[in-house]
Amino acid sequence: MISETTRAAVFVVLTVAPGGEQAVREALGGLAALVRSLGFRKPGEKLSCVTGIGSAAWDRLFAGPRPAELHPFRELRGARHTAPATPGDVLLHIRAQRLDLCFELASIVTRRLAGAARVVDETHGFTYFDQRDLLGFVDGTENPVGRAAVSAALIGEEDPEFAGGSYVVVQKYLHDLDAWDGLTVEEQQHVVGRTKLEDIELPEGVQRPDSHVAVNQVLGADGEERQILRANMPFGSVADGRFGTYFIGYGRTPEVTEQMLRNMFLGTDEAPHDRILDFSTAVTGSLFAVPPAGFLDALPPAPGAEAPEARPAGQPADVPLDSSLRIGSLKPVPTSTKAE
C-alpha cells in the first residue's frame, strides 16, 4: 500500500461464485509467490499486488475473527448525485512501472480463478504527465508521507488481529470532458480548489465551500485533519469516449473515506454537494479489507473446517508438516498483501 508511485496499474474486482471458495483460497495463498516469480523476470519494475477482501466474501473464505470495521459499501443518494454500491468480493490492486507486468499478473490470476470467480470490473490505469488526472489537475497532492502515511493507512493496535492491514474503498468515476472543457480555467480552479498549472491550494476567502478541496477536509475531535492514502489513476478509451479517474483510498478506518463521500454526495452545512460531481459520475463503489502481511501466507481455516494440526516448535510456517520442501509449489512469501 505505502510505496512509491508507479507508472501503471490494473485494478481487478471479482465476485466469488457459489462453490468457488476453495479455488479462491488457493489462488490467494499462491499470489505472493506468483508476484515474486514475475517480478524476478523484470527486476526494478516494482511489481506488487495488494489484495482486498469484501465483507460478504470474508465469512465465506475464512473462519475466525474478521476486521472490526469491515462492512458492505453503503450507497449514498444525494439530491443530485449518487454513489452506487456495486458487487465486489476480491480486489486486486496490481502496480508496476510497466503495464505488461500488471497485465500478465492479472491474466494468470484470473485464468486460475476461471469458474470460481468472475471479473466484474477491470480498469487499466496510467500515469498522466506530472501525476495529473484527465481534468488536467494534479491528483494526490495532499497524500500523507512517512509516519503520517502509516498512521493514516494502516490498522493499529485498536484491532490487533489485523494490525498492519488496511481498509480500501474503490470507485470508478467517469468525466464529462466536453462540459468540463467548456469552463474557463478560472472556473475549473474554483471547482477543484487548486490552481491548475502550479497546483497551489486557493487561499481562504477565494476557496469556495463546494470545491473538491474544501468538501474533502475531514477534521477529528481534536481539530486535526484526518487523512487517507490515495493511489488514484486516470483511465480512458478514445474509441468508447469514456474517460475517468479510478479512485482508490486506503485508510486505517473506512470512516474517514466514508465521511469524505458523505460530504461529497450528501453535502455539508456550507455546500449542497461537491461541485466536481457535476462533471464526474461515480459508476462503481466497493469496500474491502486488506489483511496484514503474513495473513495470506498461512490462511485461517475455511469456514466449517477443522483447525490445522499443531506445528512442531521451531518449524517454519512455510514448511509443510510432512517436512517436504514441495519444490514448485506456489507457497507465498510474507509480502502478499502489501506493496513493497
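One can find the structure itself at the top, above this paragraph.
Nothing here was measured: the structure is a model prediction, and the numbers come from that model. (Residues numbered from 1 in each chain as written. Predicted model: local features only at pLDDT ≥ 70, side-chain atom pairs only at ≥ 80, totals over all residues. Heavy atoms only, no water.)

Visitor: Can you walk me through the overall build of the protein chain in this structure?
Guide: Scanning the protein chain for helices and strands turns up nine helices and 14 strands. Counting only carbon and sulfur atoms, one obtains 53% of the accessible surface of the protein chain, whose full area is about 16,400 Å². (Helix = DSSP H or I, 4+ residues; strand = E, 2+ residues; numbered from the N terminus. Areas by Shrake-Rupley, 256 points an atom, 1.4 Å probe, with all protein chains shown as cover.)

Visitor: Just checking my understanding: could you explain the pattern of salt bridges for this structure?
Guide: Pairing between side chains of opposite charge can happen when the charged atoms of each approach one another. With the rule as written, the count across this model stands at 15 salt bridges. The residue Arg194 makes a salt bridge to Asp199 at a minimum N-O spacing of 2.8 Å. Here Arg194 and Asp199 have matching classes, each one buried. Bridged by salt links that share partners, the residues Glu142, Arg194, Asp199 and Glu201 form one connected network. (Salt bridge = Lys/Arg side-chain N within 4 Å of Asp/Glu carboxyl O. Buried < 20%, exposed > 50% of the residue type's maximum accessible area, 1.4 Å probe, protein only.)

Visitor: Is there a simple way to think about empty space enclosed by the protein in this case?
Guide: Take a probe with the size of a water molecule and roll it over the atoms, and the empty space left behind shows itself. In this structure the tally under the stated criterion is one cavity of 30 Å³ or more. Reported here for the largest cavity is a volume of approximately 90 Å³. Around the largest cavity, the lining residues are Leu14, Ala27, Leu28, Gly30, Leu31, Leu34, Val90, Leu92, Val109, Arg112 and Leu113. Within the residue set of the lining of the largest cavity, elements represented by two or more residues are α1 (21-29), α2 (31-41), β5 (90-96) and α4 (99-112). When its residues are assigned to classes, the lining of the largest cavity shows nine nonpolar, one polar and one charged. (1 Å grid on protein atoms, 1.4 Å probe; cavity = no way out; pocket = protein on both sides within 12 Å on 5 of 7 lines; lining within 4 Å. Points joined across faces, edges and corners; volume = space filled by probe spheres on them. Nonpolar A, V, L, I, M, F, W, Y, C, P; charged D, E, K, R; others polar.)

Visitor: I would appreciate a short explanation of unusual backbone geometry in the present structure.
Guide: Trans peptide bonds make up most of the peptide bonds, and negative phi angles are found at most residues other than glycine. Of note in this structure, Phe129 is not a glycine but carries a positive phi near 50°. As for its placement among the helices and strands, Phe129 is situated in the loop between β6 (117-126) and α5 (146-153). On the accessibility criterion, Phe129 (64% relative accessible area) is exposed. Positive phi values are uncommon outside glycine, yet Asp199 reaches one of about 60°. Position of Asp199 relative to the elements: it lies in the loop between α7 (185-192) and α8 (212-215).

Visitor: Just to check I follow, could you spell out the state of the cysteines for this structure?
Guide: The term disulfide refers to a covalent linkage connecting the sulfur atoms of a pair of cysteines. Going through the model one piece at a time under the given rule, you end up with zero disulfides. The thiol of Cys49 is not disulfide-bonded; the next cysteine sulfur, from Cys102, is found 9.4 Å away. (Disulfide = S-S within 2.5 Å.)

Visitor: Quick question: what am I supposed to make of the side chain of Thr257 here?
Guide: Mapped onto the elements, Thr257 comes out in helix α9 (residues 254-266). Setting aside anything within four residues of it in sequence, one finds Thr257 in contact with Val169, Ile228, Phe247 and Gly249. (Contact = heavy atoms within 4.5 Å.)

Visitor: Quick question: what am I supposed to make of the side chain of Ser166 here?
Guide: Mapped onto the fold, Ser166 is located in strand β7 (residues 166-175). Reaching out from Ser166, the side chain makes a polar contact with the backbone oxygen of Ala153 at a distance of 2.6 Å. (Polar contact = N/O pair within 3.5 Å; in protein donor to acceptor, adjacent residues only side chain to side chain.)

Visitor: Can you help me understand the nonpolar core in this one?
Guide: Soluble globular proteins: nonpolar side chains tend toward being buried together. One finds Val24, Leu92, Leu105 and Phe265 to be the most contacted residues of the largest nonpolar core, which totals 57 residues. The element contributing the most residues to this core is α4, with six residues. Here Leu105 is in contact with Leu31, Leu34, Val35, Leu38, Leu47, Cys49 and Ile94, once residues within four sequence places are set aside. Core analysis: the next-biggest nonpolar cluster, separate from the first, contains 20 residues, Ala9, Leu174, Leu229 and Met233 among them. (Core = buried A, V, L, I, M, F, W, Y, C linked by side-chain atoms within 4.5 Å.)

Visitor: Whenever I open this one, the environment of Thr86 confuses me. Can you help?
Guide: Note that Thr86 resides in the loop between β4 (82-83) and β5. Classification of Thr86 as partly exposed rests on a relative accessible area of 25%. Along the chain, Thr86 and Asp121 lie 35 residues apart, while their C-alpha atoms are 9.9 Å from each other.

Visitor: How do you make sense of the pairing of strand β1 (residues 8-16) when you look at a structure like this?
Guide: Both faces of the sheet carry side chains from a regular strand, because those side chains alternate between them. For β1, the tally of buried residues reaches nine of nine residues, placing the bulk of the element in the interior. Residues of β1 alternate between two faces, with Ala8, Val10, Val12, Leu14 and Val16 on one and Ala9, Phe11, Val13 and Thr15 on the opposite face, all of them buried. Strand direction decides the pairing type here: β1 and β5, joined by seven bridges, are antiparallel. By the bridge assignment for β5, Val12 is matched with Leu92. Taken together, the nine bridges between β1 and β6 define a ladder with antiparallel strand orientation. Bridge pairing links Val12 to Glu122 in β6. (Pairing = 2+ DSSP bridges.)

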